[in-house]
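# Examining the three-dimensional arrangement
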Amino acid sequence: MSNSLTCRVLVGEKVDYFLSSELFFRGLRDAKNIYFFDEELDFILKNFVNTQLVNNLPSNVTGEDVILITKKEDLLKTFPLKNYCFYNLQHFLNNGPLAGVRVLIPRAEVDEKRECGRFGAIGIEVPLLKITYIPDERILQLDFSAYDWLIFTSAHGVEGFFFNLNYFNVSLENFIGKIAVVGEKTAKALKKYGLTADFSPQKFTAKDLALELTTSGMIQKGVIVIQGNLGRPELLEILARNNIPTKKLVVYENAPNVDIKPFLNGLLKANLIDVLFFTSPSTFNNFYQFIGDENLAKNLPHFAIGPTTFEAFLQKDIRRKYFSSEHTLEGLWQTLKNHWQGE
């Protein structure tokens, strides 16, 4: 076994320490192989394709692997690894009103730099979507001075738009209009590029943005709408009904992340999920396309980030469904906390 290898070694004297740790679930999701010595863990880990119950570590352990330790004597088996990251999971246990609650969070990307749970809950990030920024040649034909609004419906739209400006070497210097966004996350993405949103609807939906803008009389010339390939049509339909000149750019693609299917199904088969969060209709639809047995999920509480996602729940016989009045991930956590505490 090479001394130059680096891998993560997670140590927990109790199985519950693993099941209450975001570090464990990140490893389960991302590791090439997970090696463990304790048969007590096998009833959980047998549901995942990247786990192996072993007596001794193989000689080809790499930095892409994770080792799970429950007994002190098994620590001796890691000694050939000279370079490794050692984590005592007892030091990573969370406290709070949602302590011990495991919440599935579907995202297009994951954040390894911080805990994603709130109020003591264990957040398990499951990227159900892959985002790819794509060039849209229609940007070359745009005369930005002919429009007085740019509309962004998501943070990915912001990133994709500036990807296109760079890709085609297009400047925004002729645009002297204003910017409308859906949601705080989208406004925050704009600030990365030195821009500030001038307008955001009271309810963070594209439909509400279109309704408020068109009834306010603030549009004098026309708008440019920046969306992804799965952008909902309501915004464009409302603009068209009000005879507002509109150009659409499609600057990113949303595609199902089929690589996550084994991890997702393993979580459900092992009963490791207590609550489901959904941040868009596409995450909800992909979730149910990916799972082998819908009955593993239908009885779990479903929380939607807003009314548009909540509408998708009506496609299925979801018995326990809720949505956040504040259409942000933080709002979802607060809604879950209130529900859990019976408020």
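Our subject is the structure listed above.
Residues numbered from 1 in each chain as written. Predicted model: local features only at pLDDT ≥ 70, side-chain atom pairs only at ≥ 80, totals over all residues. Heavy atoms only, no water.

### Topic: the overall build of the protein
- Helices and strands together make up the secondary structure of the protein, namely 11 helices and 15 strands.
- Considering the protein as a whole, with its 343 residues, one finds that 50% of them fall into the buried category.
- In the protein, the share of contacts with a sequence separation of at least 24, taken over all contacts with a separation of at least 6, comes to 66%.
- Charge centroids of the protein, computed over 37 positive and 39 negative side chains, lie 1 Å from each other. (Helix = DSSP H or I, 4+ residues; strand = E, 2+ residues; numbered from the N terminus. Buried < 20%, exposed > 50% of the residue type's maximum accessible area, 1.4 Å probe, protein only. Contact = heavy atoms within 4.5 Å. Lys, Arg positive; Asp, Glu negative; His and termini not counted. Charge placed at Lys NZ, Arg CZ, Asp CG, Glu CD.)

### Considerations on the layout of surface pockets
- The computed volume of the second largest pocket comes to approximately 190 Å³.
- In terms of lining residues, the second largest pocket is bounded by L28, R29, D30, F48, V49, N50, N257, D259, I260, P262 and F263.
- Sorting the residues of the lining of the second largest pocket by element identifies helix 2 (22-30) and helix 8 (261-269) as the ones contributing at least two each.
- Of all the elements, helix 2 adds the most residues to the lining of the second largest pocket, at 3 residues.
- Along the lines of polarity and charge, the residues of the lining of the second largest pocket split into 6 nonpolar, 2 polar and 3 charged. (1 Å grid on protein atoms, 1.4 Å probe; cavity = no way out; pocket = protein on both sides within 12 Å on 5 of 7 lines; lining within 4 Å. Points joined across faces, edges and corners; volume = space filled by probe spheres on them. Nonpolar A, V, L, I, M, F, W, Y, C, P; charged D, E, K, R; others polar.)

### Some thoughts on the state of the cysteines
- All chains considered together, the criterion is met by 0 disulfides.
- The thiol sulfur of C7 is not disulfide-bonded, and the nearest other cysteine sulfur, from C85, lies at 8.2 Å.
- Classification of C7 by relative accessible area gives buried; the value is 2%.
- The class for C85 is partly exposed, based on a relative accessible area of 33%. (Disulfide = S-S within 2.5 Å.)

### A look at the environment of R102
- Structurally, the position occupied by R102 is in strand 6 (residues 102-106).
- Within the local environment of R102, its side chain forms a polar contact with the backbone oxygen of L272, the two atoms lying 2.8 Å apart. (Polar contact = N/O pair within 3.5 Å; in protein donor to acceptor, adjacent residues only side chain to side chain.)

### Describing the pairing of strand 9 (residues 149-152)
- Along strand 9, one buried face is formed by W149 and I151 and the opposite face, lined by L150 and F152, is buried too.
- Alignment of strand 9 against strand 10 (residues 178-181), held across 4 bridges, turns out to be parallel. The residue of strand 10 that forms the bridge with F152 is V181.
- The pairing of strand 9 with strand 11 (residues 223-228) spans 4 bridges and is classified as parallel. Residue F152 lies in a different strand from strand 11, and its bridge partner there is I226. (Pairing = 2+ DSSP bridges.)

### Digging into helix 2
- Within helix 2, 8 of the 9 residues are buried, which leaves the element mostly enclosed by the surrounding structure.
- All of the buried residues along helix 2 are E22, L23, F24, F25, R26, G27, L28 and R29.
- The opening residue of helix 2, the one whose side-chain oxygen lies 3.1 Å from the backbone nitrogen of L23, is S21.

### Re the sheet that holds strand 8 (residues 129-133)
- One open sheet holds the 5 strands; their spatial order is 8-12-11-9-10, and the pairing between them is mixed. Taken across any chain shown, the strands that pair with only one partner, and hence form the sheet edges, are strand 8 and strand 10. Sheet twist, expressed as the mean angle between neighbouring strand axes with direction ignored, is 20°.
- Note: strand 8 against strand 12 (residues 246-256), 5 bridges, orientation antiparallel. (Axes fitted to C-alpha atoms, helices over the stretch in contact; angles between N-to-C directions.)

### Looking at the sheet that holds strand 7 (residues 122-126)
- Spatially, the 5 strands line up as an open sheet ordered 7-6-13-14-15, and their pairing is parallel. Strands with a single pairing partner mark the edges of an open sheet, and in this sheet they are strand 7 and strand 15 (321-323). Taken pair by pair, the neighbouring strands of this sheet meet at an average axis angle of 25°, ignoring direction.
- Two strands pair when backbone bridges link them, and strand 6 and strand 7 are joined in this way by 5 bridges, in the parallel orientation.

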